[in-house]
Number of protein chains: 2
Amino acid sequence: MTEAPLVGILGGMGPAATAAFYVRLVEVTPASRDQDHPKVVMWADPSVPDRTAALLHGGESIVPWLERGLLRLSDAGATFVVSPCNTAHVWLPDVARDVGVELLSIVDTAVDAALEEVGSGGTVGVLGTHATIASAIYQDGLAARGLTPVVPDADHQAGLVRAIYAVKAGGDQLGEAGAIVREVCRSLVARGVGLVLNACTEISLVLDGVEQIVPVVDSSDALARATVDRVQGRA
Amino acid sequence: MTEAPLVGILGGMGPAATAAFYVRLVEVTPASRDQDHPKVVMWADPSVPDRTAALLHGGESIVPWLERGLLRLSDAGATFVVSPCNTAHVWLPDVARDVGVELLSIVDTAVDAALEEVGSGGTVGVLGTHATIASAIYQDGLAARGLTPVVPDADHQAGLVRAIYAVKAGGDQLGEAGAIVREVCRSLVARGVGLVLNACTEISLVLDGVEQIVPVVDSSDALARATVDRVQGRA
């Protein structure tokens, strides 16, 4: 049996975003047959408590869930771990270090992709959950690379969060969620943004039409590409 | 932490079909929030040797790969296992029994769905790889439930296999693959088939337009629905 890297995917937060990430990982892999694709082990426990509630509203800590998932992936032999949930990255780097497993961070890979796209000194809008925005993990990451982060104003941010939970609910609310995302992007462009960094893997599912408003770097897509680069020894 | 069943998914054969199955599993789950979705652990090793070569052309046995995957899923705590690869089911029931893990069979669930759709005594066309067809796992399953199986003639079967490997290769050949699948379905209808049972999870990705030719039961869809029923205690 092969010694190729084994990709651990810590998913389930949420499940639709996780499934879409795996689809994207397969799509961006240069492959002409099954055997060219990465080996994957996935732990997807959607019973993890709500991440935003955990950070902002005194909800149950998700750290034990993250530890458990990372341990399962590590026990299964994962060479490194990725997680297609931005909000979880408020805690994940610390938990991964405690557990002793390598994390390929969605924040780092998305910020790198944004820098490559917009160039040094650019102004970047950030779409994310309340918790992702409140934690400032993206604003800090962008600023550390010389980029200027801009977050939606309070009204647009509230609309964006409604859109995120509509995507999680599935069904017939996806069109409305997409319309909200486009409206938030227009408001960011009006404030001088040259690129939008989508830092929520639920929003990744309703980005259709946003490219006509503003260039977008999608964190789920950036993580999928960085995962393939890591597997194939290019990063 | 919760005591809900943990679904083990033995995937990777191929990866696109596995990703599509997980998307479908999320879609068919009645849920309004992340926490309503099943807990999933997935082992997807696309380096498994080609299944058709293993059965028909003296290729390397895939049994050690199946054993390894089932053991990883069992070690991770899977309550039962599903695999969105029909050809692997030539071996999987035996391997699962040897390993001591419960298998929810795609063959059983798809044949049950076909019976429900076409009714007792119906004539059912089967789409699958050379190995799935040669092993007769579907023909036997349909006959055991009083249905009459019909498989494509040799020329159409050869075209179908080209379509399957085109899907595995991805890219711009999907349209052509879909056209082949529709042509095979027309040939089956001409031979008296009242329903097509798609017994290949790659073909699941190119079924658009087939419903205009003949009713279809898709094995990947049937397995996703049966998985949700099992998780929610309805089966």
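Nothing here was measured: the structure is a model prediction, and the numbers come from that model. (Residues numbered from 1 in each chain as written. Chains lettered and ligands numbered in written order. Predicted model: local features only at pLDDT ≥ 70, side-chain atom pairs only at ≥ 80, totals over all residues. Heavy atoms only, no water.)

**Student:** Could you give an account of the interface of chain A and chain B, naming the residues involved and the relevant values?
**Tutor:** Contacts between the two partners involve 40 residues from chain A and, on the opposite side, 41 residues from chain B. For the pair chain A and chain B, the interface holds four salt bridges. Across the salt bridge formed by Lys168(A) and Asp34(B), the nearest N and O atoms sit 2.7 Å from each other. One can count 11 residue pairs in polar contact (both at pLDDT 80 or more) joining chain A with chain B. Mapped by element, the contributors of at least two residues to the side of chain A that touches chain B are α1 (15–28), β2 (39–44), α3 (63–75) and α8 (154–169) of chain A. The element contributing the most residues to the side of chain A that touches chain B is α1(A), with seven residues. (Contact = heavy atoms within 4.5 Å. Salt bridge = Lys/Arg side-chain N within 4 Å of Asp/Glu carboxyl O. Polar contact = N/O pair within 3.5 Å; in protein donor to acceptor, adjacent residues only side chain to side chain. Helix = DSSP H or I, 4+ residues; strand = E, 2+ residues; numbered from the N terminus.)

**Student:** Requested: an account of the pairing of strand β6 (residues 195–198) of chain B, with residues and values cited.
**Tutor:** Residues and elements named next belong to chain B. The two faces of β6 match: Leu195 and Leu197 on one face and Val196 and Asn198 on the other face are all buried. Pairing of strand β4 (residues 123–127) with β6 involves four bridges; the strand directions are parallel. Across the sheet, Val126 pairs through a bridge with Leu197, a residue of β6. Bridge count between β6 and strand β7 (residues 216–218): three bridges; the pairing is parallel. Residue pairing in the sheet places Leu197 in a bridge with Val217 of β7. (Buried < 20%, exposed > 50% of the residue type's maximum accessible area, 1.4 Å probe, protein only. Pairing = 2+ DSSP bridges.)

**Student:** Can you break down the relation of the copies chain A and chain B residue by residue, with the values?
**Tutor:** Screw-axis analysis of chain A against chain B gives a translation of 0.0 Å along the axis, an RMSD of 0.0 Å, and a rotation angle of 180°. Each copy turns onto its partner about a two-fold axis. Taking C-alpha positions as the reference, the residue of chain A nearest the rotation axis is Met42(A), at 2.4 Å. (Least-squares fit on C-alpha atoms with pLDDT ≥ 70 in both.)

**Student:** Describe the domain arrangement of chain A, naming the residues involved and giving the relevant values.
**Tutor:** Residue and element names in this part refer to chain A. If you check the domain split of chain A, you get domain 1 (6–105 + 222–231) and domain 2 (107–219). Placing the centre of domain 1 and that of domain 2 at their C-alpha centroids yields a distance of 20 Å. Interface of domain 1 and domain 2: buried area, both sides summed, is about 1,600 Å²; carbon and sulfur atoms make up 56% of it. On the domain 1 side of the contact with domain 2, Asn86, Ser105 and Ala222 bury the most area, a combined 37% of that side's loss. (Domains from an automatic or database assignment. Buried area = accessible area lost by both parts, 1.4 Å probe.)

**Student:** Residue-level account of the nonpolar core, with values.
**Tutor:** In this structure, Tyr22(A), Tyr138(A), Tyr22(B) and Tyr138(B) are the most contacted members of the largest nonpolar core, which totals 72 residues. In this structure, Tyr22(B) is in contact with Pro15(A), Thr18(A), Ala19(A), Met42(A), Ala44(A), Ile9(B), Val40(B) and Met42(B), ignoring residues within four places of it in sequence. Within the second largest apolar cluster, 46 residues are counted, among which are Val48(A), Leu73(A), Cys85(B) and Ala88(B). (Core = buried A, V, L, I, M, F, W, Y, C linked by side-chain atoms within 4.5 Å.)

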